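One letter stands for each residue in the lines below.
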Amino acid sequence: MNTVLGRRARILAATTATAGLVLVAGCSSDGDGGGTKTAGGVELVKAGQLTTCTHLPYPPFQSEIDGKVQGFDVSLVDLVAKDLGVQQQILDTPFENFKTGAFLNSGECDLAAAGMTITEERKKNVDFSDPYFEATQAVLVDKKSGIKSFAGLKGKKVGAQAQTTGEEYAKNQGLDPVSFESSDAVINGLRTGQVEAVVIDYPVVQGWLKDKANASAFQVAEQVNTGEQYGITVKKGNAKLLAAINKALAGAKADGTYKKLYEQWIGPYEESAASPSPTAS
């Protein structure tokens, strides 16, 4: 995901079914200074709400559908908000701030959820939740390209989403990918012939291929297991919120909610997707 300098952050309501329940059960505070900024023992940047930084669009994890911000990440964070007795509000921001923790440190957001891979470099700036998703990279190609694998990308025009681990992996393998600012721009680059193939997270590709036009034109040449795991981030040292996130994730995996949400947003459920891992913070 790319950083667009000067891009204004947008505040969006998370309006999934779970969020609707939270609205009913949430605090009465308007979040503008009235009421307490503490919920369930967790200090929040605004009263009555759990403020999430994300970067749109990145389906199936977060995107605007029918004017509502929805997705796998959104639904998981709704569970955290519900446990705290507040509602989730989403702030759409440049992806670069997730790597630096800028919006967490400045008090703009309580947490960040953006399909973000846990890396040692990023852990220097933010604290990660327990992993909630096992991710692989996919090589998506035009069916007419003749490309059959990642190895076949040499000498080809390859696209990737800027600032992502997919782009980093491609570069580390000796490729010089064209950088696009969003996942929508990546698929458009492939669709319009700007690139012959793209390297991006496989769940994103799964979402694209649900569209019949995309499925008829493109195919997955190879899935590359890079050992990536996604995590939700908080400001370094925010142990109480981190514990609340981990508790909600563990509960969702234990009671079947995680499986239900996975099947709703990602596709056929694989047990490895929710395999327990040590805390990454």
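Residues numbered from 1 in each chain as written. Predicted model: local features only at pLDDT ≥ 70, side-chain atom pairs only at ≥ 80, totals over all residues. Heavy atoms only, no water.

Turning our eyes to something else, we now look at the sheet that holds strand β12 (residues 178–180). Across the sheet, which stays open at both edges, the 5 strands sit in the order β12-β11-β13-β10-β14 with mixed pairing between neighbours. Lying at the two open borders of the sheet, with one neighbouring strand each, are β12 and β14 (218–230). Within this sheet the neighbouring strands show an average axis-to-axis angle of 25°, counted without direction. Inspection of the sheet shows strand β11 (residues 158–161) paired to strand β13 (residues 197–201) by 3 bridges, in the parallel sense. Within β13, the residue paired with G159 across the bridge is V198. Here helix α6 (residues 165–172) sits on the sheet and contacts β10 (133–142), β11, β12, β13 and β14; the angle it forms with β14, its principal contact strand, is near 105°. (Pairing = 2+ DSSP bridges. Helix = DSSP H or I, 4+ residues; strand = E, 2+ residues; numbered from the N terminus. Axes fitted to C-alpha atoms, helices over the stretch in contact; angles between N-to-C directions. Contact = heavy atoms within 4.5 Å.)

Further remarks concern helix α10 (residues 239–255). For α10, spanning 17 residues, the distance from its first C-alpha to its last is 24 Å, which sits close to the expected 24 Å at 1.5 Å a residue. Residues L241, L242, A244, I245, N246, A248, L249 and A252 constitute the buried set of α10. G256 sits one or two residues past α10 and shows a positive phi near 95°. (Expected span 1.5 Å × (residues − 1). Buried < 20%, exposed > 50% of the residue type's maximum accessible area, 1.4 Å probe, protein only.)

What follows is about the environment of L242. Looking at where L242 falls in the secondary structure, it is placed in helix α10. In this structure the C-alpha to C-alpha distance between L242 and S129, which are 113 residues apart in sequence, comes to 6.1 Å.

Along the chain, the position of T164 falls in the loop between β11 and α6. Between the alpha carbons of T164 and G115 there is a distance of 10.0 Å; along the sequence they are 49 residues apart.

Taken as a whole, this structure holds 2 cavities of 30 Å³ or more when the rule is applied. For the largest cavity, the lining is made up of 10 residues, of which Y58, F95, G115, T164 and T165 are closest to its centre. Looking at the lining of the largest cavity, its residues break down into 4 nonpolar, 4 polar and 2 charged. By volume, the second largest cavity amounts to about 40 Å³. The wall of the second largest cavity is formed by T52, T54, Q62, D73, V74, V77, Q88, I90 and A113. At the level of secondary structure, the elements contributing two or more residues to the lining of the second largest cavity comprise β4 (49–54), α2 (72–84) and β7 (87–92). The element best represented in the lining of the second largest cavity is α2, accounting for 3 residues. (1 Å grid on protein atoms, 1.4 Å probe; cavity = no way out; pocket = protein on both sides within 12 Å on 5 of 7 lines; lining within 4 Å. Points joined across faces, edges and corners; volume = space filled by probe spheres on them. Nonpolar A, V, L, I, M, F, W, Y, C, P; charged D, E, K, R; others polar.)

Turning next to the pattern of salt bridges. A complete count under the given rule lists 4 salt bridges for this structure. One salt bridge in this structure joins K236 and D127, with 3.0 Å as the shortest N-O distance. With a gap of 109 residues between them, K236 in the loop between β15 (233–235) and α10 and D127 in strand β9 (residues 126–128) connect regions that are remote in the sequence. The exposure class of D127 is buried, given its relative accessible area of 13%. Between K259 and E263 there is a salt bridge, with its nearest N and O atoms 2.8 Å apart. Here E263 and K259 lie together in helix α11 (residues 257–265), a separation of 4 residues that amounts to about one turn. When its relative accessible area of 39% is taken as the criterion, K259 is described as partly exposed. (Salt bridge = Lys/Arg side-chain N within 4 Å of Asp/Glu carboxyl O.)

Further remarks concern the nonpolar core. Among the nonpolar cores identified, the biggest contains 47 residues, and L50, F72, L84, L111, F133 and W208 are the most heavily contacted of them. Listing elements by their share of this core, those giving two or more residues are α2, β10, α7 (183–191), β13, α8 (202–208), β14, α10 and α11. (Core = buried A, V, L, I, M, F, W, Y, C linked by side-chain atoms within 4.5 Å.)

Another aspect to go through is the packing of aromatic side chains. Counted according to the given criterion, the structure contains 13 aromatic pairs. Between Y132 and Y230, the ring centres sit 6.2 Å apart and the planes meet at 55°, which makes this aromatic pair tilted. Residue Y132 is found in the loop between β9 and β10, and its partner Y230 is found in strand β14; the two are separated by 98 residues along the sequence. The same class applies to Y132 and to Y230, which are both buried. (Phe/Tyr/Trp six-rings, centres within 6.5 Å; stacked < 30°, edge-to-face > 60°.)

What follows deals with the side chain of T164. Accessibility expressed as a relative area gives 14% for T164, which makes it buried. A distance of 2.5 Å separates a polar atom in the side chain of T164 from the backbone oxygen of Q161. (Polar contact = N/O pair within 3.5 Å; in protein donor to acceptor, adjacent residues only side chain to side chain.)

Relative to the assigned elements, D201 resides in strand β13. This buried residue, D201, is left without a salt bridge; R122 holds the nearest opposite charge, at 8.3 Å. When sequence neighbours within four positions are dropped, the list of residues in contact with D201 reads Y58, G115, T136, Q137, T165, E228 and Y230. (Lys, Arg positive; Asp, Glu negative; His and termini not counted.)

Those residues of α11 lying buried are Y258, L261, Y262 and W265. The arc enclosing the buried residues of α11, seen along the axis, measures out at 105°, which places them on a common side. On the buried face of α11, the contacting elements are β5 (63–65), β6 (68–70), α2, β10 and α10. Positioned one or two residues after α11, G267 has a phi angle of 145°, which is positive. (Arc of directions from axis to C-beta.)

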